[in-house]
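Close look at the chain arrangement
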Amino acid sequence: KSYPIFESEIKALSLFNTLATIAFSVASAMVSFAVGIWTNAAFAEKITPEGAILSSVVAYGLCGGAVILVGLGLWARSTRNSTWDEIKKQAKAPV
C-alpha cells in the first residue's frame, strides 16, 4: 500500500518517533543510574554522607524523572499513532 502524505506529516511522525525514542532511552539510563547507586550503597561497608544523600534523595529523584519521561514517551507514541491513523483514514481506498 502507498499513502499520499505531506512533508509536514512526515516531519511530525519523525519528530514524535524521535521524541519517544529519546524519552525512553534517557528514562532507562536514569533508572540504571538509580539502581547503580542503590547497589553501591548495599555493598558498601560504611556509607558516606554523600552516599546517604545519593541513595535516599537523588536515586528517588532519578526514578521520578524516569517516570515523567516514560509518560512523555507514551504520549509521543500515542500522538504518532493517532497521526498515522488519521493519514490512513484520509487516504482513499483502492478501487
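Located above this text is the structure these notes cover.
Conventions and cut-offs
- Residues numbered from 1 in each chain as written.
- Predicted model: local features only at pLDDT ≥ 70, side-chain atom pairs only at ≥ 80, totals over all residues.
- Heavy atoms only, no water.
- Helix = DSSP H or I, 4+ residues; strand = E, 2+ residues; numbered from the N terminus.
- Contact = heavy atoms within 4.5 Å.
- Expected span 1.5 Å × (residues − 1).
- Bend = angle between axes of the 7 residues up to and from the residue.
- Buried < 20%, exposed > 50% of the residue type's maximum accessible area, 1.4 Å probe, protein only.
- Core = buried A, V, L, I, M, F, W, Y, C linked by side-chain atoms within 4.5 Å.
- Phe/Tyr/Trp six-rings, centres within 6.5 Å; stacked < 30°, edge-to-face > 60°.
- Salt bridge = Lys/Arg side-chain N within 4 Å of Asp/Glu carboxyl O.

Let's talk about the environment of Val-58
Along the chain, the position of Val-58 falls in helix α2 (residues 49–90). When the C-alpha positions of Val-58 and Ile-37 are compared, they lie 8.8 Å apart, and in sequence the two are 21 residues distant. Not counting residues within four places of it along the chain, the set of residues in contact with Val-58 comprises Ile-37 and Ile-53.

Quick notes on α2
Between the first and last C-alpha of α2 there are 60 Å, a value that for 42 residues agrees with the 62 Å anticipated at 1.5 Å per step. Helix geometry: α2 is bent most strongly at Ser-55, by close to 35°. Buried within α2 are the following residues: Gly-51, Ser-55, Ala-59, Leu-62, Gly-65, Ala-66, Leu-69, Gly-73, Ala-76, Thr-79 and Ile-87.

Digging into the nonpolar core
Taken as a class, soluble globular proteins show a tendency for nonpolar side chains to be buried jointly. Membership of the largest hydrophobic core is limited to 8 residues, which are Ala-27, Met-30, Ala-34, Ile-37, Ala-59, Leu-62, Ala-66 and Leu-69. Elements with a contribution of two residues or more to this core: α1 (7–43) and α2. Ignoring anything within four residues of it in the chain, the contact list for Ala-34 reads Ala-59, Leu-62 and Cys-63.

A word on the packing of aromatic side chains
One pass over the full model with this rule turns up 2 aromatic pairs. Aromatic pair Phe-16 and Trp-75: ring centres 5.7 Å apart, planes at 85°, arrangement edge-to-face. Here the residue Phe-16 occupies a position in helix α1, and Trp-75 occupies one in helix α2, the gap between them amounting to 59 residues. By relative accessible area, Trp-75 is classed as partly exposed at 47%.

With respect to the pattern of salt bridges
Following the criterion strictly, the structure yields 2 salt bridges and no others. As a salt-bridge pair, Glu-7 and Lys-11 come within 3.6 Å of each other at their nearest N and O atoms. Remark: Lys-11 and Glu-7 occur in helix α1; sequence separation between them is 4 residues, near one turn of the helix. As far as burial versus exposure is concerned, Glu-7 and Lys-11 are alike and both exposed. The salt bridge involving Glu-86 is made with Lys-89; its shortest N-O contact spans 3.4 Å. In this pair, Glu-86 and Lys-89 both sit in helix α2, 3 residues apart, roughly one turn of the helix. On the basis of relative accessible area, Glu-86 is assigned to the partly exposed category, the value being 33%.

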